[in-house]
Amino acid sequence: MAYKALYRKWRPVIFDDVIGQSHITKTLKNEIKENRIAHAYLFTGTRGTGKTSTAKIFSRAVNCENPKDGNPCNECATCKSILNDTVLDIIEIDAASNTGVDNIRSVIEQVQYAPTVGKYKVYIIDEVHMLSGGAFNALLKTLEEPPEYVVFILATTETHKVPATILSRCQRFDFKTISVDDIAERIKYILKKENLNVSDEAVRYIAYLGQGSMRDSLSILEQCLAFGGDTLSYDDVVNILGSVDDTVYYEIAKKISANNVKGVIETFENLVNSGKNLDNFAPCLLDVIRQLLISKISEGKIKPSYSEEKNKIIEKISHDFTAD
């Protein structure tokens, strides 16, 4: 079989698998159980937070022959057909490449035909903010009063670009960025199923680099595994990605506390000359300073870092600072 990227292979298949969005999945499950399906939904949030995955699960759940607590069973003929992309009733549209009025008119023409297999035709329009003004206007009437067997799910990362007239016709769900803890737990689960050995510190670092995106975190993990094999340590991840080791941030923090401007500049210059990836330098340094502040204010009772060893380093350096 063709190789599947981790984020595709481990895409959630039921609502309970969607990480960090329980406020949304619980609501959607209740709507399905109570048969109170809305005609239009807007899923908004940053990349990799589960918008498209949730839309796909919802499209199966509303058509499932034997739903289980609001989740699709993924075993009936309808679920299997949708999973295999052999059903014409689930239509996914990339608005980035179908921006015009004519593209939306063709959707409107198809809406009048009843579903061929399930109870609902589901239109998933990804990156909906990319539609032109004319396309949005063409969609308005259909979005307000579609046939009872049609559900629209609009997904976007930029809600402010979606006209208010469209927003007012949709149930809106805001997907939040996923916490480092939740991403790390999901990665550990996947690694266990894949029989891969990655240290807990490396897992948390990868989860942190994902910046709240499950997909980005899994892509980073996959890149590291491609180079490092079935076993990965924290040092392996740092070296593979060309990242800056946390110890460097602690070193800079110590020099800041001592007002050693020359030392800070020399440390940074060494990073530049060694070819390190500095894309995340400022956010990572700010995060370390935040950890120092938390440790200082809580007198070491709150442990915000990755390992006991680093927590001790943070606590020790925080003594050199005032809270101010």
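All values derive from a computational prediction rather than experimental measurement.

Asker: For the state of the cysteines, give the residues involved together with the corresponding values.
Answerer: In this structure the tally under the stated criterion is 0 disulfides. For the unlinked cysteine Cys224, the closest cysteine sulfur is that of Cys284, found at 14 Å.

Asker: Tell me what's going on with the packing of aromatic side chains, and back it up with residues and numbers.
Answerer: Counted according to the given criterion, the structure contains 10 aromatic pairs. For the ring pair Phe43 and Phe173, a centre distance of 6.0 Å and an interplane angle of 80° mean the geometry is edge-to-face. In this pair, Phe43 is assigned in strand β1 (residues 40–45) and Phe173 in strand β5 (residues 171–175), connecting sequence segments 130 residues apart. The pair Phe43 / Phe173 is uniform in exposure class, with both members buried. Both rings, one in Phe268 and one in Phe281, keep their centres 4.9 Å apart while their planes meet at 65°; by these two values the pair is edge-to-face. A residue pair is termed long-range when its members are at least 10 positions apart, and Phe268 in helix α13 (residues 261–273) and Phe281 in helix α14 (residues 281–298) qualify at 13 residues. In this structure Phe268 comes out as partly exposed when scored by relative accessible area, which is 33%. By relative accessible area, Phe281 is classed as buried at 13%.

Asker: Describe the nonpolar core, naming the residues involved and giving the relevant values.
Answerer: Grouped together as the largest cluster of nonpolar side chains are 41 residues, with contacts concentrated most on Ile187, Val198, Leu221, Val237 and Tyr249. Of all the elements in the fold, those that place two or more residues in this core are α8 (180–194), α9 (200–209), α10 (214–228), α11 (234–241), α12 (246–257), α14 and α15 (308–318). Here the element with the most residues in this core is α9; it accounts for 7 residues. When sequence neighbours within four positions are dropped, the list of residues in contact with Tyr249 reads Val244, Asn280, Phe281, Cys284, Leu285 and Val288.

Asker: Could you give me a rundown of the sheet that holds β5, with the residues and numbers involved?
Answerer: Pairing is parallel across the open sheet formed by 5 strands, whose spatial order is β2-β3-β4-β1-β5. Only two strands of the sheet have a single neighbouring strand rather than two, namely β2 (90–94) and β5. Here the strands of the sheet are splayed against their neighbours by 15° on average, with no regard to which way each runs. Its contacts with the sheet put helix α2 (residues 22–33) on β1 and β5, and the angle it makes with β5 is roughly 145°.

Asker: Residues and numbers for a nonpolar patch on the surface, please.
Answerer: On the surface, a nonpolar cluster with roughly 260 Å² of combined accessible area is contributed by Ile256, Leu286 and Ile289. Examined against the element boundaries, Ile256 turns out to sit in helix α12. Overall, Ile256 belongs to the partly exposed group, its relative accessible area being 35%.

Asker: Would you mind going over the pairing of β1 in detail, with residue names and values included?
Answerer: Of all 6 residues that make up β1, 6 are buried, and the element is covered over most of its length. Alternating residues of β1 divide into Ala40, Leu42 and Thr44 and Tyr41, Phe43 and Gly45, and every residue in both groups is buried. In this sheet, strand β4 (residues 150–156) lies alongside β1 in parallel orientation, the contact comprising 5 bridges. In the sheet register, Leu42 faces β4, and the bridge partner there is Leu154.

Asker: Any details on the side chain of Ser217? Residues and values, ideally.
Answerer: Inspection of the secondary structure assignment puts Ser217 in helix α10. Given a relative accessible area of 0%, Ser217 falls into the buried group. There is a polar contact of 3.0 Å between the side chain of Ser217 and the backbone oxygen of Ser213. In this structure Ser217 touches Ile183, Ile187, Ile206, Ala207 and Gly210, once residues within four positions along its chain are discounted.

Basis of the calculations
- Residues numbered from 1 in each chain as written.
- Predicted model: local features only at pLDDT ≥ 70, side-chain atom pairs only at ≥ 80, totals over all residues.
- Heavy atoms only, no water.
- Disulfide = S-S within 2.5 Å.
- Phe/Tyr/Trp six-rings, centres within 6.5 Å; stacked < 30°, edge-to-face > 60°.
- Helix = DSSP H or I, 4+ residues; strand = E, 2+ residues; numbered from the N terminus.
- Buried < 20%, exposed > 50% of the residue type's maximum accessible area, 1.4 Å probe, protein only.
- Core = buried A, V, L, I, M, F, W, Y, C linked by side-chain atoms within 4.5 Å.
- Contact = heavy atoms within 4.5 Å.
- Pairing = 2+ DSSP bridges.
- Axes fitted to C-alpha atoms, helices over the stretch in contact; angles between N-to-C directions.
- Patch = residues over 30% accessible without salt bridge, like charges linked within 9 Å, V, L, I, M, F, W, Y side chains within 5 Å.
- Areas by Shrake-Rupley, 256 points an atom, 1.4 Å probe, with all protein chains shown as cover.
- Salt bridge = Lys/Arg side-chain N within 4 Å of Asp/Glu carboxyl O.
- Polar contact = N/O pair within 3.5 Å; in protein donor to acceptor, adjacent residues only side chain to side chain.

Shape is all these values report; function is a separate question.
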